[in-house]
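Summary of structural features
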Amino acid sequence: MPGRFVKSLAYFAAYTALGLALASLGPTLPDLARLTGASLSTLSTIFVARSAGYLVGAVIGGRLFDRIPGHLLLAGMLGTMAICLALVPISHSVLLLAAILFVLGWGEGGLDVGGNTLLVWLYPTGLAPWMNALHFFFGVGALFSPLIVTFAIDAYGSFAGAYWLLAALIVPIGLFVAIQPSPPIAHHAKNRHTPLREHRTDLLIIGGLLFAAVGAEIGFGNWIYTYAIQQNLADTASAAVLTSTYWSTFTVGRLAGIP
């Protein structure tokens, strides 16, 4: 049990990093628009690029975790995320920024799939509270991300420092995950010919629900900061608090799901 608990902590830390990365883009949108010389409507294409990368990462990650020790993959994806975050502030064109965010999304998507998969293998029974806790820690990262961004901008006088600080926070998490022994790949995962036809309807329903829920979650979370600024509803500090408030209620909801 102690070894299993430490591995769980590693997954929780990885999902905290996922929340830090995913919620960082919204509070820096105005700065990224100035950096690239693009309008906000043009800059919205970076969300498409990131989401496309996330989709590719999820699809490819699902296959990789069936074949390669999971913790090495998780650590590699965390490292990819850290590198991409560090490169964001030096991307002076929308095209380059979109390319970097595509790769960032790839790492995030693979991490998302991997964390869920490895936790299922780690807890073949009694999974539910651990799964809720895993996604609670995503909310923790998303809650603190806008506050860290605002703090770094105030401290360093540039949004670049915010991305570099987030990248620096993710690196030790990747190292912590890497030193933990990976759980064995589940026996059924090694079967390349498991039929899914009997579960097709269930998968379509669940996929449709996630399509709507996650789209609303990420869309709202990434745009609320800029919306508050553009509509003169808040200054930068208040807009960051507004964004964190959204993610905090998100986090409380997931915490309530554990018991």
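Residues numbered from 1 in each chain as written. Predicted model: local features only at pLDDT ≥ 70, side-chain atom pairs only at ≥ 80, totals over all residues. Heavy atoms only, no water.

Take the overall build of the protein chain next. The helix and strand tally for the protein chain stands at 10 helices and 0 strands. Taken from N to C terminus, the helices and strands of the protein chain fall in the order α-α-α-α-α-α-α-α-α-α. What you see for the protein chain is a C-alpha radius of gyration of 18 Å, in line with the 18 Å of a compact globule of 259 residues. For the C-alpha atoms alone, the extent of the protein chain along its principal axes is close to 55 × 40 × 35 Å. Here the protein chain, with 259 residues, has 47% of them falling under the buried criterion. When contacts within the protein chain are restricted to residue pairs at least 6 apart in sequence, those whose partners lie at least 24 apart make up 79%. Summed over all atoms, the accessible surface of the protein chain reaches about 12400 Å², with 72% contributed by carbon and sulfur. Taken together, the 11 basic and 9 acidic charged side chains of the protein chain have centroids lying 14 Å from each other. (Helix = DSSP H or I, 4+ residues; strand = E, 2+ residues; numbered from the N terminus. Rg over C-alpha atoms; globule rule 2.2 N^0.38 Å. Buried < 20%, exposed > 50% of the residue type's maximum accessible area, 1.4 Å probe, protein only. Contact = heavy atoms within 4.5 Å. Areas by Shrake-Rupley, 256 points an atom, 1.4 Å probe, with all protein chains shown as cover. Lys, Arg positive; Asp, Glu negative; His and termini not counted. Charge placed at Lys NZ, Arg CZ, Asp CG, Glu CD.)

Counting 66 residues, the largest nonpolar core has Leu32, Ile46, Leu78 and Trp247 as the members making the most contacts within it. Of all the secondary structure elements, the ones that give two or more residues to this core are α1 (2–22), α2 (29–36), α4 (45–64), α5 (70–87), α6 (94–122), α7 (128–156), α8 (159–178) and α10 (236–257). With residues up to four places along the chain from it excluded, the contact list for leucine 32 reads Leu25, Leu43, Ile46, Val88, Leu97, Phe159 and Tyr163. (Core = buried A, V, L, I, M, F, W, Y, C linked by side-chain atoms within 4.5 Å.)

Once that is clear, we can look at α2. Most of α2 is tucked away, with 7 of its 8 residues classed as buried. Inspection of α2 places Leu29, Pro30, Asp31, Leu32, Ala33, Leu35 and Thr36 among the buried residues, and these make up the whole buried set. Downstream of α2 by one or two residues, glycine 37 has phi in the positive range, about 70°.

Turning next to the packing of aromatic side chains. Scanning the entire structure with this criterion turns up 12 aromatic pairs. Judged by centre distance (4.6 Å) and plane angle (15°), the rings of tyrosine 123 and tryptophan 130 are stacked. No difference in accessibility class separates tyrosine 123 from tryptophan 130, as the two residues are buried. When the centroid spacing of 6.1 Å and the interplanar angle of 70° are considered together, the rings of phenylalanine 138 and phenylalanine 250 count as edge-to-face. Remark: phenylalanine 250 occurs in helix α10 and phenylalanine 138 occurs in helix α7; sequence separation between them is 112 residues. One exposure class covers both phenylalanine 138 and phenylalanine 250, and it is buried. Site record: aromatic cluster; members linked through ring pairs are Phe5, Phe12, Tyr123, Trp130, Phe136 and Phe137. (Phe/Tyr/Trp six-rings, centres within 6.5 Å; stacked < 30°, edge-to-face > 60°.)

Once that is clear, we can look at the packing of α4 against α6. Helices that pack against each other are described as a pair by the angle of their axes relative to one another and the distance between those axes. Interhelical geometry of α4 versus α6 gives an angle of 35° and a closest axis separation of 6 Å. The two elements α4 and α6 cross, and the hand of that crossing is right-handed. Residues that form the contact of α4 with α6 fall into these classes: 15 nonpolar, 8 polar and 3 charged. (Axes fitted to C-alpha atoms, helices over the stretch in contact; angles between N-to-C directions. Left-handed = near helix turned anticlockwise from the far one by under 90°. Nonpolar A, V, L, I, M, F, W, Y, C, P; charged D, E, K, R; others polar.)

Topologically, tryptophan 106 is positioned in helix α6. Taking the C-alpha atoms as reference points, tryptophan 106 and valine 59, 47 residues apart in sequence, are found 9.5 Å from one another. The residues contacting tryptophan 106, other than those within four sequence positions of it, are Gly53, Tyr54, Val56, Gly57, Ile60, Met77 and Thr80.

Attention shifts here to the packing of α5 against α8. Axis separation between α5 and α8 bottoms out at 8 Å; the angle between their running directions is 170°. Taken together, the axes of α5 and α8 lie roughly antiparallel to each other. Two secondary-structure elements touch here, α5 through His71, Leu74, Ala75, Leu78, Met81, Ala82, Leu85 and Ala86 and α8 through Tyr163, Trp164, Leu166, Ala167, Ile170, Val171, Ile173, Gly174, Val177 and Ala178. Each residue belonging to the contact of α5 with α8 can be placed in one class, and the counts come to 16 nonpolar, 2 polar and no charged. (Parallel < 35°, antiparallel > 145°, perpendicular 65-115°, else oblique.)

As a further point, take the pattern of salt bridges. Between side chains of opposite charge, a pair can form as their charged atoms come close. Across all of its chains, the model carries 2 salt bridges by this definition. Note that arginine 34 and aspartate 31 form a salt bridge whose closest N and O atoms lie 2.7 Å from each other. In this pair, arginine 34 and aspartate 31 are both assigned in helix α2, 3 residues apart and thus about one turn of the helix distant. Residue classification places arginine 34 among the exposed positions, given a relative accessible area of 61%. Of the residues examined, aspartate 31 reaches a relative accessible area of 18% and is grouped as buried. In this structure, glutamate 108 engages arginine 50 in a salt bridge whose closest nitrogen and oxygen atoms are separated by 2.5 Å. Placement of the pair is glutamate 108 in helix α6 and arginine 50 in helix α4, with a sequence separation of 58 residues. Exposure class is identical for glutamate 108 and arginine 50. Each is buried. (Salt bridge = Lys/Arg side-chain N within 4 Å of Asp/Glu carboxyl O.)

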